[in-house]
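# Fold and contact review
Here are the chains, one letter per residue:
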Amino acid sequence: MRKSTGSKKIKTAVFISGKGSNLKNLIKFSKFKKYPFSINLILSNTNKAKGLKYSKIYKIEKKIICYDKKIKNDKKILKTLKQKKIKLICLAGFMKILSKNFIEKFQGKIINIHPSLLPKYKGLNTHIRAIKNREKFAGCTVHYVTSKLDSGKIILQKRVKISKKDDRFSLAKKVLKIEHLLYPAAIKKILN
Ligand code: GRF
């Protein structure tokens with residue numbers, strides 16, 4: 001990973017598919033001097049992603065790529081990333097699986113936030129599975145992306161207590177709150 005030098009911020013793209021609360025939060029942190037990254041591109045696989053509104057609000061370029069024609073789109077995305085001198089990709093609620101070829105081209109420069117204490121509960125519906133298994137703790141993990149789903153090296157992890165009253169909605173809310181602390185901290189960690 002290229003480290004940030006002096007006051008120069010590392011140009012970052014955030015890939016989303018939904019609400020984009022992590023995106024919004026990363027934009028907020030990117031404005032602080034202490035955080036060595038700037039958000040220069042928002043990419044979504046769907047024009048229905050609510051988080052795309054942050055493109056207009058914060059004047060950040062957005063790109064919508066239909067993910068079904070993979071190889072053609074890999075090339076398109078790689079071209080845009082190169083043009084914009086993007087050095088880091090943050091997946092934030094991005095619901096598509098990146099191709100092996102794409103991951104190899106950006107080796108070690110793609111990170112993801114996952115709403116569980118990996119290696120537990122890879123994949124979808126993490127909160128409901130954790131509650132069903134009567135786990136005491138839930139949490140979130142920021143990790144490098146490899147071609148194996150939710151399995152790359154862990155950068156940072158944070159946990160929260162699951163209370164008896166928690167259902168999947170209240171737990172998701174709790175976890176999202178700590179995601180917003182963890183993601184910027186993890187980026188800072190790998191760039192400093
Ligand atoms: C987060 O819980 C993230 O961990 C998961 O998808 C959710 C995205 O939320 N991968 P948001 O779109 O950032 O609000």
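Residues numbered from 1 in each chain as written. Predicted model: local features only at pLDDT ≥ 70, side-chain atom pairs only at ≥ 80, totals over all residues. Heavy atoms only, no water.

### Describing a positive patch on the surface
- Together, K19, K24, K28, K50 and K53 make up a positively charged patch on the protein surface.
- Looking at the secondary structure, you find K19 in the loop between β1 (10–16) and α1 (21–30). (Patch = residues over 30% accessible without salt bridge, like charges linked within 9 Å, V, L, I, M, F, W, Y side chains within 5 Å. Areas by Shrake-Rupley, 256 points an atom, 1.4 Å probe, with all protein chains shown as cover. Salt bridge = Lys/Arg side-chain N within 4 Å of Asp/Glu carboxyl O. Lys, Arg positive; Asp, Glu negative; His and termini not counted. Charge placed at Lys NZ, Arg CZ, Asp CG, Glu CD. Helix = DSSP H or I, 4+ residues; strand = E, 2+ residues; numbered from the N terminus.)

### A look at the nonpolar core
- Among the nonpolar cores identified, the biggest contains 38 residues, and I111, Y183 and I187 are the most heavily contacted of them.
- Contributing elements (two or more residues each) for this core: β1, α1, β2 (37–44), β4 (88–91), β5 (110–114), β6 (137–144), β7 (154–161) and α6 (168–191).
- In terms of residue count, the dominant contributor to this core is α6 (nine residues).
- For this core, the two domains that each supply at least three residues are domain 1 (7–107) and domain 2 (112–192).
- With residues near it in sequence (within four places) discarded, Y183 still touches N22, L26, C90, L91, A92, I111, N112, I113 and V142.
- Residues A13, L41, I89 and F94 belong to the second largest nonpolar core, which totals 19 residues. (Core = buried A, V, L, I, M, F, W, Y, C linked by side-chain atoms within 4.5 Å. Buried < 20%, exposed > 50% of the residue type's maximum accessible area, 1.4 Å probe, protein only. Domains from an automatic or database assignment. Contact = heavy atoms within 4.5 Å.)

### Points about the layout of surface pockets
- Reported here for the largest pocket is a volume of approximately 1200 Å³.
- In terms of lining, the largest pocket is formed by 40 residues, of which the most central are G93, F94, M95, P115 and L124.
- Those elements that provide at least two residues to the lining of the largest pocket are α1, α4 (100–105), β5, α5 (126–132) and α6.
- Ranked by residue count, the leading element in the lining of the largest pocket is α6, at five residues.
- Among the residues making up the lining of the largest pocket, the classes are represented as 16 nonpolar, 16 polar and eight charged.
- Each of domain 1 (7–107) and domain 2 (112–192) accounts for three or more of the residues forming the lining of the largest pocket.
- Estimated volume of the second largest pocket: approximately 200 Å³.
- Lining the second largest pocket, in full, are I131, R134, E135, K136, I162, S163, K164 and D166.
- Of the residues belonging to the lining of the second largest pocket, the class tally is two nonpolar, one polar and five charged. (1 Å grid on protein atoms, 1.4 Å probe; cavity = no way out; pocket = protein on both sides within 12 Å on 5 of 7 lines; lining within 4 Å. Points joined across faces, edges and corners; volume = space filled by probe spheres on them. Nonpolar A, V, L, I, M, F, W, Y, C, P; charged D, E, K, R; others polar.)

### A closer look at the side chain of S38
- Mapped onto the elements of the fold, S38 is located in strand β2.
- Note on S38: relative accessible area 19%, which makes it buried.
- Not counting residues up to four positions away in its chain, the partners in contact with S38 are K9, I10, K11, T12 and S30.

### Observations concerning the domain arrangement of the protein
- Each domain of the protein was delimited in the assignment, giving domain 1 (7–107) and domain 2 (112–192).
- Look at where the C-alpha atoms of domain 1 and domain 2 centre, and you get two points 20 Å apart.
- Listed per partner, the contact involves 19 residues of domain 1 and 18 residues of domain 2.
- Its largest share of buried area at the contact with domain 2, domain 1 owes to N22, L91 and I103, together 29% of the area lost on that side.
- In this assembly, domain 1 and domain 2 are joined by zero salt bridges.
- Put simply, domain 1 and domain 2 have five residue pairs in polar contact (both at pLDDT 80 or more) between them.
- For the side of domain 1 that touches domain 2, the secondary structure elements donating two or more residues are α1, β4 and α4. (Buried area = accessible area lost by both parts, 1.4 Å probe. Polar contact = N/O pair within 3.5 Å; in protein donor to acceptor, adjacent residues only side chain to side chain.)

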